[in-house]
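What the coordinates show
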Amino acid sequence: MATQYTTCPGCATQNAGINARCTNCGTILPISPMPMQHVPNYSGAKPAGAEKKLAAGLCGILLGGLGIHKFILGYTQEGIILISVYLVSFIIAMVTCGIGTPLIFVPTVIGIVEGIIYLTKTDEEFVQTYIVNKKPWF
Ligand SMILES: [Zn+2]
């Protein structure tokens with residue numbers, strides 16, 4: 001059994017645990033702490049895929065029309081659709097001299113709504129819905 005040492009609060013001298021007073025300055029030593037109990041850490045066990053929730057949610061809200069949040073979730077097809085709609089809307093807006101501008105907001109709003117939905121789900125719901133079941137939209 002390894003000898004336990006107690007650090008003196010007065011002079012920081014290491015004292016063998018059995019001493020009641022510091023061998024250097026005579027300060028009464030605190031009771032030796034018990035060896036650390038191993039406590040199982042359940043809080044660290046997030047379901048696989050939950051770490052994508054924040055990134056996908058924020059990208060949906062901030063960059064919705066570009067479909068980045070879809071690519072983060074592995075939805076390549078849906079991501080391409082979103083960015084295609086975004087680019088086509090952009091072209092239409094330019095060709096129509098601005099009349100078609102509201103179309104640009106369609107993929108943007110889809111991204112914002114999806115990002116908010118992601119962030120409001122629990123980790124378990126998020127993983128079940130988007131990682132396990134691969135729900136493509138919303
Ligand atoms: Zn001391």
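Everything that follows concerns the structure shown earlier in this document.
Residues numbered from 1 in each chain as written. Predicted model: local features only at pLDDT ≥ 70, side-chain atom pairs only at ≥ 80, totals over all residues. Heavy atoms only, no water.

1. A short note on helix α4 (residues 105-120)
The first and last C-alpha atoms of α4 sit 22 Å apart over 16 residues, in line with the 22 Å expected at 1.5 Å per residue. Those residues of α4 that fall on the buried side of the exposure criterion are P107, G111, E114, G115 and Y118. Down the axis of α4, the buried set is contained in an arc of 105°. They therefore lie on one face. Those residues of α4 that are buried are in contact with α1 (52-63), α2 (68-72), α3 (76-95) and α5 (123-132). (Helix = DSSP H or I, 4+ residues; strand = E, 2+ residues; numbered from the N terminus. Expected span 1.5 Å × (residues − 1). Buried < 20%, exposed > 50% of the residue type's maximum accessible area, 1.4 Å probe, protein only. Arc of directions from axis to C-beta. Contact = heavy atoms within 4.5 Å.)

2. Things to note about a nonpolar patch on the surface
A cluster of nonpolar side chains, contributed by L54, L58, L62, L63, L66, I68, F71, I80 and L119, occupies part of the molecular surface with about 770 Å² of accessible area. With four residues, the top contributor of residues to the nonpolar patch is α1. Mapped onto the elements, F71 comes out in helix α2. (Patch = residues over 30% accessible without salt bridge, like charges linked within 9 Å, V, L, I, M, F, W, Y side chains within 5 Å. Areas by Shrake-Rupley, 256 points an atom, 1.4 Å probe, with all protein chains shown as cover. Salt bridge = Lys/Arg side-chain N within 4 Å of Asp/Glu carboxyl O.)

3. Examining the packing of α1 against α4
Between α1 and α4, whose axes approach to 7 Å, the crossing angle comes to 155°. Taken together, the axis directions place α1 and α4 in an arrangement best described as roughly antiparallel. Seen along the crossing, α1 lies across α4 with a hand that is left-handed. Every residue of α4 that contacts α1 at K53, L54, A56, G57, L58, G60 and I61 is listed here: G111, I112, G115, I116, Y118 and L119. For the contact of α1 with α4, the class distribution of residues is eight nonpolar, four polar and one charged. (Axes fitted to C-alpha atoms, helices over the stretch in contact; angles between N-to-C directions. Parallel < 35°, antiparallel > 145°, perpendicular 65-115°, else oblique. Left-handed = near helix turned anticlockwise from the far one by under 90°. Nonpolar A, V, L, I, M, F, W, Y, C, P; charged D, E, K, R; others polar.)

4. What to know about the coordination of the zinc ion
In the first shell of the zinc ion, the protein supplies C8 (SG), C11 (SG), C22 (SG) and C25 (SG), at 2.2 to 2.3 Å from the metal. Around the zinc ion sit four donor atoms, and with donor-metal-donor angles ranging over 105 to 115° the site reads as tetrahedral. Spacing between the donor residues of the zinc ion along the chain follows C-x2-C-x10-C-x2-C. Of the two residues, C8 is situated in the loop between β1 (5-7) and β2 (14-16) and C25 in the loop between β2 and α1; the sequence distance between them amounts to 17 residues. (Donors = N, O, S within 2.8 Å, 3.2 Å for Na, K, Ca; no water. Tetrahedral: all angles 85-135°; square planar, octahedral: opposite > 155°, others 65-115°.)

5. What to know about the pattern of salt bridges
Following the criterion strictly, the structure yields two salt bridges and no others. The partner of D123 in a salt bridge is K53, and the shortest N-O contact between them spans 3.1 Å. Taken together, the positions of D123 in helix α5 and K53 in helix α1 put the pair 70 residues apart, joining distant regions of the chain. Each of the two residues, D123 as well as K53, counts as buried.

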